[in-house]
Amino acid sequence: MSRGPARWKSSDIAWSGERRPYDLFREFLFSFVVILVLVVGLSVLFSSPDPPPVTFQQWAEQGTKDFAATTLSEIDGTSLSATYGPPYQSTAQNGSTQALGPISPETWLGNAFPVAIPVDPYQDFVATPLSLQGDADVKAALDVWSKASADQQTKWAQSYYDAIGKGTAKDGVLTVTTSAAKTGPLDTIVQAQLAFARSGGLDAALLYTNSPRADGYGTWYSNDQTFAMLYFGDSGEGGGGTACISPGDPLPADGDCWFYNQSVANVAPRNAGYLAGGTWGIMNEVGNWPGAWWLFPYTSWYQWGYGATGASGDLYVMVMTVLFALPFIFLPWIPGLRDIPKATRVYKLMWSDYYQGLRERR
Amino acid sequence: MSARDEVRRAEEDVREAAHELRTGNWTEDSRHYAEKYWPYDRMLPADEPVYVRKAFYLFGSLAMMSFLMLIATGAILVFKGPLWTHSSSAGDLFASLHYWSVQCFFFCIFVHFGSSFFTAAWRGGRGFTWLFGTMTFFTAVLTGLTGYLLTSNYEAQWIGQQGKDAFNSFGFGWLLNVMSMDQVFGWHVVLLPLGVAAFLALHLLWVRRHGVVPPFPPEGFSFEGAPEPDGPTRAEASSRPVGQDAADGAEGAS
């Protein structure tokens, strides 16, 4: 075949009818100017959201009892993070994985690989950060706790949950009535953790101890927030507590379910409003900005049916998203679906001037 | 010889010629392939079919320009690091430019999807053009999501905290820990934008390869797009029975 102008199969060719002059580069320049003006204009007029992050210091001060109860759940191993399962613990240790019938990628991967992101909430969130301070009393209390029998730990923990419930909190200080006989070392540990959080030290310590180096030294360069995020997520019994409110409800006076209520409370400086899952969640944004509306093919499944209430709702949502994405991607090869546009006849409107021209010529 | 026979013969000529050109030299064969499907006059056209004159055709290039804005503003944000946006008004401005570029990008993509759907733009062997476009979108959604994680503010905390369960449930948590900025940074700045750029490039190549989809043949006309260079005249083509249009109905990419 000779070099030169290419020849075309019938399916390759767009059109051999009438053509009109066109300048690709001019279209590019025009499009670029349109976008540039739009983006600069919108940025100058509306800026963009930047709500400050929550901190353990704020949690300790504003939701003192919630922080104490959550810390206790990390210590006695009943928190959401402590019972999560893969990828934070092995399936043998915690089997609480999401599954739809036989479908459970979390279990499969948990069985197939070593723990991907090892998390031991008592050690990682409480004992190791507190040990950094070198306080002898705290160290002794941690030793007493770790050497106690499981039965003893459960009894101490139950007594201390009761004590927190009956206790009072003011300006980040928790006042509880306890005795060493009833709660063992727990008051010492929890009060130390509370004081550490109030000082701002816990925020830094959780980063410093995250992703420990193989040689045992602290990870000074860490920018891994896994421990801190999981700790926050255990607030208000992992978001399932009775004090966790819905949008529009008043905030609990004692700051219970503190982390989750930040997402529905419309108060400064975050004005988070409607970030919870049942209100389109992460598709929304703080304040009045448009948010990640383009996530709707995914977040819409959280709004009704099993995705809104099911124990394996997250897996269901992901499966449904993929199930609906596949026919969208392969639409051109699916009889019936690919014929919808022709049936709707919207194209007649879109190419109205072209069809008009044809009619006039005929 | 009928017009249809001429078309068939022209197609056979092309197939035969392509077969002859298989030299066994990968470089040369690849060049011949590219020369066949992407000659300069298709890559940089100076004319378009007469029906390409509506505003909705512009949204593809508007989306592409939004992507270029994202790359440009994103590069400046990378120079100064993700915390710059909280500490200076210049950082805040570039975060806003990046943010509104995302909004424009997805808005244009959705309009582009709408017009491509209602014109059934996958007809005539343009299936892969659609497929690469949808893959560009889904990769861009992941890029946008990881961008929110990089904002290092309350939204990043909330989305990381909430998003981890979906990622873990589907097994993605083993690949990307959305609560670790150490990991998210590389994904958002390098890996995912490369994916978007790659799918976008393939999408554009296939747009240029097959051209803009012609309108559905109107009643009484059956064939507007004839094979070059020896196809039937419009008069001949329009005398063929309705339903024989090679450009009507998806055939998959050739």
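Residues numbered from 1 in each chain as written. Chains lettered and ligands numbered in written order. Predicted model: local features only at pLDDT ≥ 70, side-chain atom pairs only at ≥ 80, totals over all residues. Heavy atoms only, no water.

(A) Just the packing of helix α6 (residues 89-118) of chain B against helix α7 (residues 127-150) of chain B, in detail. Residues and elements named next belong to chain B. Running from amino to carboxyl end, α6 crosses α7 at an angle of 155°, the nearest separation of the two axes being 11 Å. Put simply, α6 runs roughly antiparallel to α7. With respect to the hand of their crossing, α6 and α7 are arranged in left-handed fashion. Across the interface between the two elements, Tyr99, Gln103, Phe105, Phe106, Ile109, Phe110, Phe113, Ser116 and Phe117 of α6 pack against Trp130, Gly133, Thr134, Phe137, Ala140, Val141 and Tyr148 of α7. Grouping the constituent residues of the contact of α6 with α7 by class yields 12 nonpolar, four polar and no charged. (Axes fitted to C-alpha atoms, helices over the stretch in contact; angles between N-to-C directions. Helix = DSSP H or I, 4+ residues; strand = E, 2+ residues; numbered from the N terminus. Parallel < 35°, antiparallel > 145°, perpendicular 65-115°, else oblique. Left-handed = near helix turned anticlockwise from the far one by under 90°. Contact = heavy atoms within 4.5 Å. Nonpolar A, V, L, I, M, F, W, Y, C, P; charged D, E, K, R; others polar.)

(B) Broad picture of the interface of chain B and chain A. Counting residues at the interface gives 128 residues for chain B and 115 residues for chain A. Taken together, both faces of the contact between chain B and chain A bury some 11,200 Å²; the carbon and sulfur share is 66%. Broken down residue by residue, the surface that chain B buries against chain A is led by Trp100, Tyr154 and Trp174 of chain B, which jointly contribute 8%. Of the charged contacts in the structure, one is a salt bridge between Arg19 of chain A and Asp47 of chain B, with a shortest N-O distance of 3.0 Å. On inspection of chain B and its partner chain A, the count reaches 37 residue pairs in polar contact (both at pLDDT 80 or more). Ranked by the residues each element gives to the side of chain B that touches chain A, the list is headed by α6 of chain B, at 19 residues. Classifying every residue of the side of chain B that touches chain A gives 67 nonpolar, 34 polar and 27 charged. For strand β1 (residues 19-21) of chain A and strand β1 (residues 47-49) of chain B, the ladder comprises three bridges, and the chain directions are antiparallel. For Arg20 of chain A, the partnering residue across the bridge sits in β1 of chain B and is Glu48 of chain B. (Buried area = accessible area lost by both parts, 1.4 Å probe. Salt bridge = Lys/Arg side-chain N within 4 Å of Asp/Glu carboxyl O. Polar contact = N/O pair within 3.5 Å; in protein donor to acceptor, adjacent residues only side chain to side chain. Pairing = 2+ DSSP bridges.)

(C) Summary view of a nonpolar patch on the surface. Nonpolar side chains collect at one region of the surface, where Val322, Leu326, Phe330 and Trp333 of chain A together with Phe128 of chain B lie side by side and expose about 400 Å² of accessible area between them. Note that Val322 of chain A resides in helix α16 (residues 313-329). (Patch = residues over 30% accessible without salt bridge, like charges linked within 9 Å, V, L, I, M, F, W, Y side chains within 5 Å. Areas by Shrake-Rupley, 256 points an atom, 1.4 Å probe, with all protein chains shown as cover.)

(D) Spotlight on the state of the cysteines. All told, the structure shown has one disulfide over all chains when counted by the stated rule. In this model Cys244 of chain A forms its disulfide with Cys257 of chain A; the gap between the sulfur atoms is 2.0 Å. Linking Cys244 of chain A and Cys257 of chain A, the disulfide has an S-S dihedral of approximately 95° and is accordingly described as right-handed. Of this pair, Cys244 of chain A sits in the loop between α12 (235-238) and α13 (258-264) while Cys257 of chain A sits in the loop between α12 and α13; the two residues are 13 residues apart in sequence, bridging distant segments of the chain. As far as burial versus exposure is concerned, Cys244 of chain A and Cys257 of chain A are alike and both buried. As a non-bridged cysteine, Cys104 of chain B has Cys108 of chain B as the owner of its nearest cysteine sulfur, 6.0 Å distant. Given a relative accessible area of 7%, Cys104 of chain B falls into the buried group. (Disulfide = S-S within 2.5 Å. Buried < 20%, exposed > 50% of the residue type's maximum accessible area, 1.4 Å probe, protein only.)

(E) Representation of helix α19 (residues 352-361) of chain A. Residues and elements named next belong to chain A. Considered for burial, the residues of α19 that qualify are Tyr354, Tyr355, Gly357 and Leu358. Projected onto a plane normal to the axis of α19, the buried residues spread over an arc of 155° and lie on a single side. Set apart from the buried face of α19 by more than 90 degrees, the exposed residues are Arg359 and Glu360. (Arc of directions from axis to C-beta.)

(F) Here's a closer look at the nonpolar core. If you look at the biggest cluster of nonpolar residues, it comprises 123 residues, and the most contacted ones within it are Phe56, Tyr160, Leu295 and Trp351 of chain A. Broken down by element, this core gets its largest block of residues, 11 residues, from α6 of chain B. Of all hydrophobic cores here, the second largest spans six residues; its members include Ile329 of chain A together with Trp38, Leu131 and Phe132 of chain B. (Core = buried A, V, L, I, M, F, W, Y, C linked by side-chain atoms within 4.5 Å.)

(G) Spatial organisation of α6 of chain B. Along its 30 residues, α6 of chain B runs 43 Å from first to last C-alpha, staying within 8% of the 44 Å computed at 1.5 Å per residue. Among the residues trailing α6 of chain B, Ala120 of chain B stands out with phi positive, at a value near 45°. (Expected span 1.5 Å × (residues − 1).)

(H) Up close: the confidence of the model for chain A. Averaged over every residue, the pLDDT of chain A is 90; the share at 70 or more is 95%. Predicted confidence for residues 1-13 of chain A stays below pLDDT 50, and this span has 44 contacts to residues more than four positions away or in other chains. (pLDDT = per-residue confidence, 0-100.)

(I) Layout of a positive patch on the surface. Together, Arg345, Lys348, Arg359 and Arg362 of chain A line one region of the surface with positive charge. On the accessibility criterion, Lys348 of chain A (38% relative accessible area) is partly exposed. (Lys, Arg positive; Asp, Glu negative; His and termini not counted. Charge placed at Lys NZ, Arg CZ, Asp CG, Glu CD.)

(J) Seen up close, the packing of α7 of chain B against helix α9 (residues 181-210) of chain B. Residue and element names in this part refer to chain B. Two numbers describe how α7 lies on α9: the axes approach to 8 Å, and their chain directions differ by 160°. Overall, the two elements α7 and α9 adopt an arrangement that is roughly antiparallel. α7 and α9 meet at a crossing whose hand is left-handed. A breakdown of the residues in the contact of α7 with α9 according to their chemical character gives 19 nonpolar, 11 polar and no charged.

(K) Layout of unusual backbone geometry. Residue and element names in this part refer to chain A. The omega angle of the peptide bond from Pro86 to Pro87 is 5°, so this bond is cis rather than trans. For Pro87, the position within the fold is in the loop between α3 (64-75) and α4 (105-112). Pro269 follows Ala268 through a cis peptide bond whose omega is 5°. Along the chain, Pro269 falls in the loop between α13 and α14 (296-299). In this structure, Ser47 is a non-glycine residue whose phi angle is positive, near 50°.

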